Amino acid sequence: MSINSPYATSLVSTTYVPDLESIEPGLDLVAEIQRLRTTRKAVILAHYYQEPEIQDLADFVGDSLQLSQQAAKTDAEVIAFCGVHFMAETAKILSPGKKVVIPDMDAGCSLADRCPADQFAEWLKQYPDHEVVSYINCSAGVKALSTIICTSSNAVRVVESIPQEKKLVFAPDRHLGKWVLKQTGRDMVLWPGFCIVHEQFTAKRIAALKAKHPEAKLIAHPECDATVSQMADFVGSTAALLNYVAKDPANAFIVATEAGILHQMRQRRPSVELIPAPADSGCNCSLCPYMKLNSLEKLYLALRDLRPEITLDEEVRLRALKPVERMLALG
Ligand code: 13P
Ligand code: SF4
C-alpha cells in the first residue's frame, strides 16, 4: 500500500512489504500454514472471492455478513483475514482484543477507497436530518459516521428496519443503493460509489452471452448496474448466489459477480455449466484485483510474522462498533 492510501491512518506500518524472499525454497506452505494455525491459535477466515487454494485451507469461507458474524464469535487469539481491508477492519472493530492480520495490506476496495471519511463527513452536512445506512464496504471512519451498516445479503432488511418517516442516505455503492430502493420503495440519497469489478458487466455483453446460452439462468450481485440486475433471474449476495445454484434445477448459470465464487459453486454442483459473465473492458475477466493480492505465500508470512496487523484508533473503533452491532442484532 502506498503512503497515500486511504487506510494509512489504520496501519502499524504503511511500508510493510511481505518478505517473499525469506520463504525457504521448497517449503510446504500448506503444511506450514496448518502448523502455524495451531501454534498461533489462529482462525483463517476467507471470502468467496479468494483464490481456491486459500478457500480450501480456511476454517470458514463466507460472504461479508457471514465473515463478520464469525469474527464476532471466534475464540481464536489471531484472526488471519483473507479478504480485503474493510473486512479485516470490521473483524478488528468487533474483536479488539484479537490480533487481526491480513496477507496483503494493499487489498483495498474501490468502494471503500472512493469514499474517504473526511469527504463523506463534509457531504453528509447537506443531510443533517437523514439516517445513514452504509454498506460494509467502507472504512471504519465512514462506519463511525453511520447509523447502521448493511451487507449485500441484508441491505433490504436493514433499510426496512428504519421507520418509514425517516429520511435516508445510502453509501457508498450507488448500484446496491438503487437496487435496495427498488425493493423497498424507500427514497434514498445515494453516494456515487461503485465497484470496479461489478460495474464492468454490461447488459449488451450479457445479452449476447444469453443468446449463446439460452438455457442458462442469469444470476447477479446487486453491485451490478441496474440494466444487468433487471435482466437477472436472481439477484443476491455471494452467499445467496451460491445457495441459488445449489438448489435451482437449472443446469447452466451465467454468473455476474467476481469469478472466485465459482470454486464453491463447482463443489456444490460439479455437473452444472458455470459461465462467468465477461467484463466489458480491461482484462475482460471478472476478477477483483484487490482480493487477488492475497496468496498462500503471504498468508504463511502473516501467520509466521503476525504482520501486517490491522490497528484502529479506539475512539473511531467504538463509534464504528455501534452501527455494526445494530446490523448484527437484526440477525
Ligand atoms: P458480499 O456481501 O456478497 O460478500 O460482497 C462483498 C463484496 O465485496 C462484493 O464485491
Ligand atoms: Fe470491492 Fe468490488 Fe473487489 Fe468487492 S469486488 S472487494 S466491492 S472492488
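In what follows, the structure referred to is the one given above.
Residues numbered from 1 in each chain as written. Chains lettered and ligands numbered in written order. Predicted model: local features only at pLDDT ≥ 70, side-chain atom pairs only at ≥ 80, totals over all residues. Heavy atoms only, no water.

Undergrad: I would appreciate a short explanation of the packing of helix α4 (residues 85-94) against helix α15 (residues 314-329) in the present structure.
TA: Packed helix pairs are characterised by how far apart their axes lie and by the angle those axes make with each other. Two elements in contact, α4 and α15, have axes whose closest approach is 9 Å; the angle formed by their N-to-C orientations is 95 degrees. The orientation of α4 relative to α15 falls into the category roughly perpendicular. Residues Thr-90, Lys-92, Ile-93 and Leu-94 of α4 form the contact with α15, whose own contacting residues are Arg-317, Ala-320, Leu-321, Val-324 and Leu-328. (Axes fitted to C-alpha atoms, helices over the stretch in contact; angles between N-to-C directions. Helix = DSSP H or I, 4+ residues; strand = E, 2+ residues; numbered from the N terminus. Parallel < 35°, antiparallel > 145°, perpendicular 65-115°, else oblique. Contact = heavy atoms within 4.5 Å.)

Undergrad: Would you mind going over the site of ligand 2 with me for this structure?
TA: Near ligand 2 you find Tyr-49, Val-84, Cys-109, Ser-110, Leu-111, Asn-137, Cys-195, Val-197, Glu-223, Cys-288 and Tyr-290, and these make up its full shell. Here the shell around ligand 2 is composed, by residue class, of 8 nonpolar, 2 polar and 1 charged. (Near = heavy atom within 4 Å. Nonpolar A, V, L, I, M, F, W, Y, C, P; charged D, E, K, R; others polar.)

Undergrad: Help me out: how do you make sense of the pattern of salt bridges in this one?
TA: Where charged atoms of side chains with opposite charge meet at close range, the side chains can pair. Going through the model one piece at a time under the given rule, you end up with 13 salt bridges. Across the pair Arg-205 and Asp-280 runs a salt bridge whose closest N-O atoms are separated by 3.2 Å. Here Arg-205 is found in helix α10 (residues 203-212), whereas its partner Asp-280 is found in the loop between β12 (273-276) and α14 (296-305), with 75 residues between them in sequence. Look at Arg-205 and you get partly exposed, because its relative accessible area is 29%. By relative accessible area, which is 36% here, Asp-280 ends up partly exposed. The partner of Lys-217 in a salt bridge is Asp-248, with the nearest N and O atoms 3.0 Å apart. Pair noted here: Lys-217 is in strand β9 (residues 217-220) and Asp-248 is in the loop between α12 (238-247) and β11 (252-256), with a separation of 31 residues, a long-range link. Look at Lys-217 and you get partly exposed, because its relative accessible area is 26%. (Salt bridge = Lys/Arg side-chain N within 4 Å of Asp/Glu carboxyl O. Buried < 20%, exposed > 50% of the residue type's maximum accessible area, 1.4 Å probe, protein only.)

Undergrad: Please clarify how the site of ligand 1 should be interpreted in this entry.
TA: Around ligand 1 lies a shell formed by His-47, Tyr-49, Asp-63, Ser-64, Tyr-135, Asn-137, Ser-152, His-198, His-221, Glu-223, Ser-237 and Thr-238. Take Asn-137: an N or O atom from its side chain is 3.2 Å from an oxygen atom of ligand 1. The contact in question runs from an oxygen atom of ligand 1 to an N or O atom on the side chain of Glu-223, over 3.0 Å. Contact with the protein chains hides 96% of the accessible area of ligand 1, taken as 300 Å² for the molecule alone. In the shell around ligand 1, the residues fall into 2 nonpolar, 8 polar and 2 charged. (Polar contact = N/O pair within 3.5 Å; in protein donor to acceptor, adjacent residues only side chain to side chain. Areas by Shrake-Rupley, 256 points an atom, 1.4 Å probe, with all protein chains shown as cover.)

Undergrad: What is the right way to read the packing of aromatic side chains from this model?
TA: Two numbers describe a pair of aromatic rings. These are the distance of the centres and the angle of the planes. A full pass over the atoms with the stated rule returns 6 aromatic pairs. With a centroid separation of 5.8 Å and 20 degrees between ring planes, the pair formed by Phe-120 and Trp-123 is classed as stacked. With Phe-120 and Trp-123 both in helix α6 (residues 117-124), this residue pair falls 3 residues apart, about one helical turn. Note on accessibility: Phe-120 and Trp-123 belong to one class, buried. Where Phe-120 meets Trp-191, the ring centres are 5.6 Å apart and the plane angle is 80 degrees; that geometry is what we call edge-to-face. A residue pair is termed long-range when its members are at least 10 positions apart, and Phe-120 in helix α6 and Trp-191 in the loop between β8 (188-190) and α10 qualify at 71 residues. (Phe/Tyr/Trp six-rings, centres within 6.5 Å; stacked < 30°, edge-to-face > 60°.)

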